[in-house]
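Commentary on secondary and tertiary structure
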Amino acid sequence: GAVVSQHPSRVICKSGTSVKIECRSLDFQATTMFWYRQFPKQSLMLMATSNEGSKATYEQGVEKDKFLINHASLTLSTLTVTSAHPEDSSFYICSASTAGGVEGYTFGSGTRLTVV
Amino acid sequence: AQSVTQPDIHITVSEGASLELRCNYSYGATPYLFWYVQSPGQGLQLLLKYFSGDTLVQGIKGFEAEFKRSQSSFNLRKPSVHWSDAAEYFCAVGGSGGYNKLIFGAGTRLAVHP
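Just so it is clear, the structure is predicted and the values come from calculations on it, not from any experiment.

1. Brief notes about the layout of surface pockets
If you roll a probe as big as a water molecule over the atoms, it shows you where there is empty space left. There is about 240 Å³ of room inside the largest pocket. Along the wall of the largest pocket there are 15 residues; nearest its centre are A:Lys41, B:Gln38, B:Pro40, B:Gly41 and B:Arg109. Residues belonging to the lining of the largest pocket are distributed by class as follows: five nonpolar, six polar and four charged. Taken as a whole, the second largest pocket spans an internal volume of roughly 200 Å³. Contributing to the lining of the second largest pocket are 13 residues, with A:Arg37, A:Met45, A:Gly61, A:Val62 and A:Phe67 lying nearest its centre. Element by element, the count of residues in the lining of the second largest pocket is highest for strand β5 (residues 44-51) of chain A, at three residues. Tallied by class, residues from the lining of the second largest pocket come to six nonpolar, two polar and five charged.

See below:
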């Protein structure tokens, strides 16, 4: 089945630094990938939709300059949290869809970001 | 507006008992419906999905869900719950094509008593 690998699974960084999270589709090509943020005991909030070779589409209220998304290939999308602050600490999850979406959306295992 | 409602935030059942998790949706087009399960600190695992056809969908781990268009519902059921089923369950709705975003419900946290 479709597998999405997300790395790193956990990261601790100092306030003011940047952190990059990678999302790879291992056995399929993902034209579109999605980035979500999840606060403790809450649901997933879509941050942005990442399309290969084009600019990401951000949801209302998400700072595009703070959460940089790059989708340079059909198997890799990255989320960079720039100038991270403690309030950016959260669980970030990516997902990708197989062609046509008929197989559903496969999720990565998530990245726990802690900014100290 | 597109939305998903999971009315039950927490549910506790005894091991071996039956389970039903409720999900209602609002979606302007033909919906693609999903149920995902999430263990603490983990990503989401797809339990089952409905795109078209038979309205009773079988999934993994003994789960099933029934799509009822007239009620805009997609409830998840399991006849006999195991302790390992304790987790967070999310219902989601999306459109066709794989490029449409998923809209998630708030989730239902399931606890299983021995």
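What follows continues from the structure just given.
2. Considerations on the side chain of A:Lys66
Residues and elements named next belong to chain A. Along the chain, the position of Lys 66 falls in the loop between β6 (57-58) and β7 (67-73). Given the relative accessible area of 12%, Lys 66 is considered buried. Setting aside anything within four residues of it in sequence, one finds Lys 66 in contact with Thr 80, Val 81, Thr 82, Ser 83, Ala 84, His 85 and Asp 88.

Criteria and cut-off values
Residues numbered from 1 in each chain as written. Chains lettered and ligands numbered in written order. Predicted model: local features only at pLDDT ≥ 70, side-chain atom pairs only at ≥ 80, totals over all residues. Heavy atoms only, no water. 1 Å grid on protein atoms, 1.4 Å probe; cavity = no way out; pocket = protein on both sides within 12 Å on 5 of 7 lines; lining within 4 Å. Points joined across faces, edges and corners; volume = space filled by probe spheres on them. Nonpolar A, V, L, I, M, F, W, Y, C, P; charged D, E, K, R; others polar. Helix = DSSP H or I, 4+ residues; strand = E, 2+ residues; numbered from the N terminus. Buried < 20%, exposed > 50% of the residue type's maximum accessible area, 1.4 Å probe, protein only. Contact = heavy atoms within 4.5 Å.

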